[in-house]
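Structural overview
Below, each chain spelled out in residue letters.
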Amino acid sequence: GAGVSQSPSNKVTEKGKDVELRCDPISGHTALYWYRQRLGQGLEFLIYFQGNSAPDKSGLPSDRFSAERTGESVSTLTIQRTQQEDSAVYLCASSLVGPPNSPLHFGNGTRLTVT
Amino acid sequence: TQLLEQSPQFLSIQEGENLTVYCNSSSVFSSLQWYRQEPGEGPVLLVTVVTGGEVKKLKRLTFQFGDARKDSSLHITAAQTGDTGLYLCAGTDSNYQLIWGAGTKLIIKP
């Protein structure tokens, strides 16, 4: 596909369960970002991958959150032992290169609901 | 912590009116991007400004980067219902990190 693809588009899970969210970036894009967006809010940075460099994990809110990226392809965001406050839309974005001027291309997000 | 403050947080106006949205910081940015997000979708880039004092026009939208590269504005002329959405600004700081504003939710009423 031409754009960033995220799956699933919606996920409902019970408190305490683990979830895995997937992001397929645009082919050739070296940079990949994960963001969290609560209802009606702006974007909360989670993690940033750039090529083969060590990822910037400074935005991960707790050790229940982790993410991996294989080379310059697919990334997965894993949330362990989900809590109700984890409910949000999780957005993935990729860009050709990192900042400053490379625009971000976003997927449509995964809406996570923890019951 | 660097902040990008957007104002207003929420704006609801009638179709045909003009409006301005602001993005302000005490920090200098090497570039600043504006995105629009519609419900159920990810943000989409509208414009990138890189030079202090730069003005860019995109049809009825006018973007300005402050002379000191600390602030930016988005002006919409004769707003249309299709302009409804969440407008986000994002600046690249001296550490090449992308700093996001909290967004302005804009509703254009027919």
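Scope of this entry: the structure provided in the associated data block. Keep in mind the model is a prediction, meaning the values are calculated, not measured. (Residues numbered from 1 in each chain as written. Chains lettered and ligands numbered in written order. Predicted model: local features only at pLDDT ≥ 70, side-chain atom pairs only at ≥ 80, totals over all residues. Heavy atoms only, no water.)

**Side note on the overall build of chain B**
To be explicit about the condition: Comment: elements are numbered from the N terminus, with helices defined as DSSP H or I runs of at least four residues and strands as E runs of at least two. For this measure, only C-alpha atoms enter the radius of gyration; the expected value for a globule follows 2.2 Å times N^0.38, where N is the number of residues. The buried label goes to any residue with under 20% of its type's maximum accessible area, the exposed label to any with over 50%, and the partly exposed label to all in between, with areas taken from a 1.4 Å probe on protein chains only. Here, two residues are considered to be in contact whenever any of their heavy atoms come within 4.5 Å of each other. Surface accessibility follows the Shrake-Rupley procedure with a 1.4 Å probe radius. Residue values consider only the protein chains on display as shielding. Under this rule, positive means Lys or Arg and negative means Asp or Glu; His and the chain ends count for nothing. Note on charges: their place is set at NZ of Lys, CZ of Arg, CG of Asp or CD of Glu.
Scanning chain B from N- to C-terminus turns up zero helices and 11 strands. Seen in sequence order, chain B has helices and strands lined up from the N terminus as β-β-β-β-β-β-β-β-β-β-β. Here the C-alpha atoms of chain B give a radius of gyration of 13 Å, agreeing with the 13 Å that 2.2 N^0.38 yields for 110 residues. Each principal axis of the C-alpha atoms in chain B carries an extent, and together these give about 45 × 30 × 20 Å. Here chain B holds 110 residues, and the buried ones make up 45% of them. Looking at chain B alone, contacts between residues at least 24 apart form 53% of all its contacts between residues at least 6 apart. If you sum the accessible surface of chain B, you get close to 5,300 Å²; carbon and sulfur atoms cover 49% of it. Placing the 9 positive and 10 negative side-chain charges of chain B at their respective mean positions leaves the two points 3 Å apart.

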